[in-house]
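Each chain is listed here by its residues.
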Amino acid sequence: MSDLKAKATTLLRMHDDFVVLPTVWDAWSARAIVDAGFAAISIGSHPLADARGQQDGEGMSLDDALEGIARITAAVDVPVSADLESGYDTAPAELIDRLLDAGAVGLNVEDTVHSEGRMREPQEHADTIAGLRAAADAAGVDVVINARTDAFVRPELHGGDPVAQAVERMLLAEQAGARCLYPVKVPDAAALTAVLEAVTLPVNVIAHPRDGSTVDGLQDIRALGARRVTFGPMLQRALTATIADLAGPWR
């Protein structure tokens, strides 16, 4: 547990300035990223599910996801943040215990409840974050909870203005004990700025390793004030194209 505590503290401190956590899906990709010089990594549910031949959106079971996460954390000696979607209908205390057992010290949790085809209400999602925070505190590990909202990508599930919804949900998540905030697929710089002006926590932006993000490249993301970048499924997709280029001439 002392190793997990140290890794969680290290991961949290990386957010003080600016951190890129490349998103991996198996032990091979994790080792490749660490060998490339990165001091921490993230695991995406989408690329992990693809690597397992399963579906994102909790097409994996919690056991499936944690088995994949544990293989990755065993392969590298750096802090790992893992995407557990909306929590697989699992109580926060159990989710934190099992996350730590799998060796991860960061947690991405979203507000779309896949098993019910709905989005949590803003305070409901904040209560989920608060439950995770309390469980992590009880375990003595400052798990870096990355609170995600799908306000921009699933507006039909909340019926409100996406920017207003994202701001409300991120502000409540901050107050509930998140350590980082993730308005996934923020559409433009104006929307990102609206979130950044409302909160004080680091904000995560998703980016393609070659094509950048909806607010342009690495330096643009940093200049706007976001403090964390992850790749979601896009590193895996970029490599898929590279594999086709390499193997194609041998067809």
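A brief report on the enclosed structure follows. (Residues numbered from 1 in each chain as written. Predicted model: local features only at pLDDT ≥ 70, side-chain atom pairs only at ≥ 80, totals over all residues. Heavy atoms only, no water.)

Re the environment of Val-205
The test is simple: The numbering of helices and of strands both runs from the N terminus, where a helix is a DSSP run of H or I of at least 4 residues and a strand a run of E of at least 2. Each residue is assigned to one of three classes by its accessible area relative to the maximum for its type, calculated with a 1.4 Å probe on protein chains only: buried under 20%, partly exposed between the two thresholds, exposed over 50%. We call two residues contacting when some pair of their heavy atoms lies within 4.5 Å.
Tracing the backbone through its elements, the reader meets Val-205 in strand β10 (residues 204-206). Residue Val-205 is classed as buried on the basis of its relative accessible area, which comes to 1%. Distance from Val-205 to Thr-230, taken between C-alpha atoms, is 6.5 Å for residues 25 residues apart in sequence. Dropping the residues within four chain positions of it, Val-205 is found in contact with Leu-192, Ser-213, Ile-221, Ala-226, Arg-228, Val-229 and Thr-230.

Examining the pattern of salt bridges
Filter applied, for reference: Counted as salt bridges are all cases of a side-chain nitrogen of Lys or Arg within 4 Å of a carboxyl oxygen of Asp or Glu.
On inspection of all chains with the given rule, the structure shows 17 salt bridges. Note that Glu-67 and Arg-52 form a salt bridge whose closest N and O atoms lie 2.7 Å from each other. Of this pair, Glu-67 sits in helix α4 (residues 62-75) while Arg-52 sits in helix α3 (residues 45-52), placing them 15 residues apart in sequence. Glu-67 gets classed as partly exposed once you look at its relative accessible area, which sits at 32%. Assessed through its relative accessible area of 32%, Arg-52 is described here as partly exposed.

So, the packing of α4 against helix α5 (residues 92-101)
Geometry of a packed helix pair, given as the angle between the helix axes and the separation of the axes. Put simply, the test is: Working convention: axes come from line fits to C-alpha atoms, limited for helices to the stretch in contact. Angles between N-to-C directions cover 0 to 180 degrees. Angles below 35 degrees are treated as roughly parallel, those above 145 as roughly antiparallel, those between 65 and 115 as roughly perpendicular, and all remaining angles as oblique. Classification convention: Asp, Glu, Lys, Arg as charged; Ala, Val, Leu, Ile, Met, Phe, Trp, Tyr, Cys, Pro as nonpolar; all other residues, Gly among them, as polar.
Running from N to C, α4 and α5 point in directions that differ by 30°, and their axes come no closer than 9 Å. Put simply, α4 runs roughly parallel to α5. On α5, the residues that touch Leu-62, Asp-63 and Leu-66 of α4 are Leu-95, Arg-98 and Leu-99. Its residues placed into classes, the contact of α4 with α5 shows 4 nonpolar, no polar and 2 charged.

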